[in-house]
Amino acid sequence: MSYSFGFIGTGNMGAALAQAVSKMLLSNQIVLTDYFSEKAQALADILHCDNSDNITVARESEFIFLGVKPHNMANTLKEIQSVLKLRPTPPVLISMAAGLTIDQLEVMAGGRYPIIRIMPNTAVAEGEGVILYTYNNHVTQTQLSDFSSALSKAGVLARLDESLIDAGTAIAGCGPAFTYMFIDALADGGVACGLSRNDALAFATQTIKGAAHMIAITDKHPEQLKNEVCSPGGSTIQGVKALEDGALRATCMNAVMAAYQKNKDLKKS
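Treat the numbers as computed from the prediction; the structure is a model and nothing was measured. (Residues numbered from 1 in each chain as written. Predicted model: local features only at pLDDT ≥ 70, side-chain atom pairs only at ≥ 80, totals over all residues. Heavy atoms only, no water.)

Draft legend 1. Structural detail: helix H5 (residues 102–109). The complete set of buried residues in H5 reads Ile102, Leu105, Glu106, Met108 and Ala109. Projection of H5 onto a plane perpendicular to its axis shows the buried side chains occupying an angular sector of 165 degrees, all on one side. With respect to the buried face of H5, the exposed residues turned more than 90 degrees away are Asp103 and Val107. Here the buried face of H5 lies against helix H4 (70–86), strand S5 (92–95), strand S6 (115–120), strand S7 (129–135) and helix H7 (162–172). Of the residues one or two after H5, Gly110 is the one with positive phi, at around 75 degrees. (Buried < 20%, exposed > 50% of the residue type's maximum accessible area, 1.4 Å probe, protein only. Helix = DSSP H or I, 4+ residues; strand = E, 2+ residues; numbered from the N terminus. Arc of directions from axis to C-beta. Contact = heavy atoms within 4.5 Å.)

Draft legend 2. How the structure looks around the side chain of Ser95. Along the chain, the position of Ser95 falls in strand S5. At 3.2 Å, the side chain of Ser95 forms a polar contact with the backbone nitrogen of Ala97. Setting aside its immediate chain neighbours within four residues, Ser95 contacts Leu66, Met73, Leu105, Ile116, Arg117 and Ile118. (Polar contact = N/O pair within 3.5 Å; in protein donor to acceptor, adjacent residues only side chain to side chain.)

Draft legend 3. The arrangement of the packing of H4 against H5 in detail. Here H4 crosses H5 at 45 degrees, and the two axes come no closer than 8 Å. It follows that H4 is oblique to H5 by the angle criterion. Here Met73, Ala74, Leu77, Lys78 and Gln81 of H4 come into contact with H5, specifically with Leu105, Met108 and Ala109. Partitioning the contact of H4 with H5 into residue classes produces six nonpolar, one polar and one charged. (Axes fitted to C-alpha atoms, helices over the stretch in contact; angles between N-to-C directions. Parallel < 35°, antiparallel > 145°, perpendicular 65-115°, else oblique. Nonpolar A, V, L, I, M, F, W, Y, C, P; charged D, E, K, R; others polar.)

Draft legend 4. Highlighting the pairing of S7. Taken across its seven residues, S7 has six buried, putting it largely inside the fold. Here five bridges tie S7 to strand S8 (residues 155–159), and the two strands are oriented parallel to one another. In the sheet register, Tyr133 faces S8, and the bridge partner there is Arg159. Tracing the backbone out of S7, into helix H6 (residues 141–150) and back to the parallel element S8 gives a crossover that is right-handed. (Pairing = 2+ DSSP bridges. Right-handed = clockwise from strand over helix to strand, strands pointing away.)

Draft legend 5. Quick look at the layout of surface pockets. For the second largest pocket, the calculated volume is near 1,000 Å³. Of the residues assigned to the lining of the second largest pocket, the class counts are 16 nonpolar, 15 polar and six charged. (1 Å grid on protein atoms, 1.4 Å probe; cavity = no way out; pocket = protein on both sides within 12 Å on 5 of 7 lines; lining within 4 Å. Points joined across faces, edges and corners; volume = space filled by probe spheres on them.)

Draft legend 6. Region of the structure containing a nonpolar patch on the surface. On the surface, a nonpolar cluster with roughly 290 Å² of combined accessible area is contributed by Phe182, Leu186, Leu243 and Leu248. Secondary-structure assignment places Leu186 in helix H8 (residues 175–192). (Patch = residues over 30% accessible without salt bridge, like charges linked within 9 Å, V, L, I, M, F, W, Y side chains within 5 Å. Areas by Shrake-Rupley, 256 points an atom, 1.4 Å probe, with all protein chains shown as cover. Salt bridge = Lys/Arg side-chain N within 4 Å of Asp/Glu carboxyl O.)

Draft legend 7. Structural view of the environment of Ile8. Relative to the assigned elements, Ile8 resides in strand S1 (residues 3–8). Put simply, Ile8 and Leu151 are 143 residues apart on the chain and 17 Å apart in space, counted from C-alpha to C-alpha. With residues up to four places along the chain from it excluded, the contact list for Ile8 reads Thr33, Asn54, Val57, Ile64, Phe65, Leu66, Gly67, Val68, Thr76 and Ile80.

Draft legend 8. Here's a closer look at the side chain of Asn263. On the secondary structure map, Asn263 appears in helix H12 (residues 248–266). Owing to a relative accessible area of 5%, Asn263 belongs among the buried residues under this scheme. Looking at Asn263, its side chain comes within polar contact range of the main-chain oxygen of Asp166, at 3.2 Å.

Draft legend 9. Representation of the pattern of salt bridges within the structure. Evaluation of the coordinates by the stated rule reveals ten salt bridges. Measuring nitrogen to oxygen at the nearest pair gives 2.9 Å for the salt bridge that ties Glu244 to Arg249. Given the relative accessible area of 39%, Glu244 is considered partly exposed. When salt bridges that share partners are traced, they join Glu223, Lys226, Glu244 and Arg249 into one network.

Right, here's the structure in full:
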């Protein structure tokens, strides 16, 4: 086998995963391809790995990351079906397409291949991401170990039952966008109060980072940590009241639930 990991699709998510994998593998073990070849070439230059085409990736990679949109998955797999069938040892197909189940992927691929379904977020490129995963019974323990090892520098890997992947994605996959919006809103508030844009954004970013770290390293519930910051009659509790008046909790819950519903709807399209 020429390559350990091949990436079909080097958009934001595919590129982030390729960067994570490149921290654990030699550059000659990785090959990239994208519909926009210049995009794959630019990333290949950074990672010092090969840039090729879908057929080569399908023929010569032990693990194949399918970084294409859900509505493009069927056509992508149809293109490489004949190559996959000719292989003496089937590759492991790794899909990051939201909403597409393992059963659907098997039908699209035209065979019962080892399939790992993942839902990552872009922070994997910096080693601070979350990768939710599930797999079918054709994946061996050795393959699973190799997969986990290659992504060990990506952040947290968490196995979920496939029935929970869509729910997990609504937090781990979509949550970064929600968090960026909150950080931006905090910064806007600081600007409204007279801070420079750069200072407000820096303070908001570090505050969110520090708050997340406190949750991660303590056994305290977020509610308890919040209460410890709210002095009686102080400014923080007045800000908390403003957030409650604006239905922050309900709005965040609704955002996660809306994303979850969209993931479920993708299965029907």
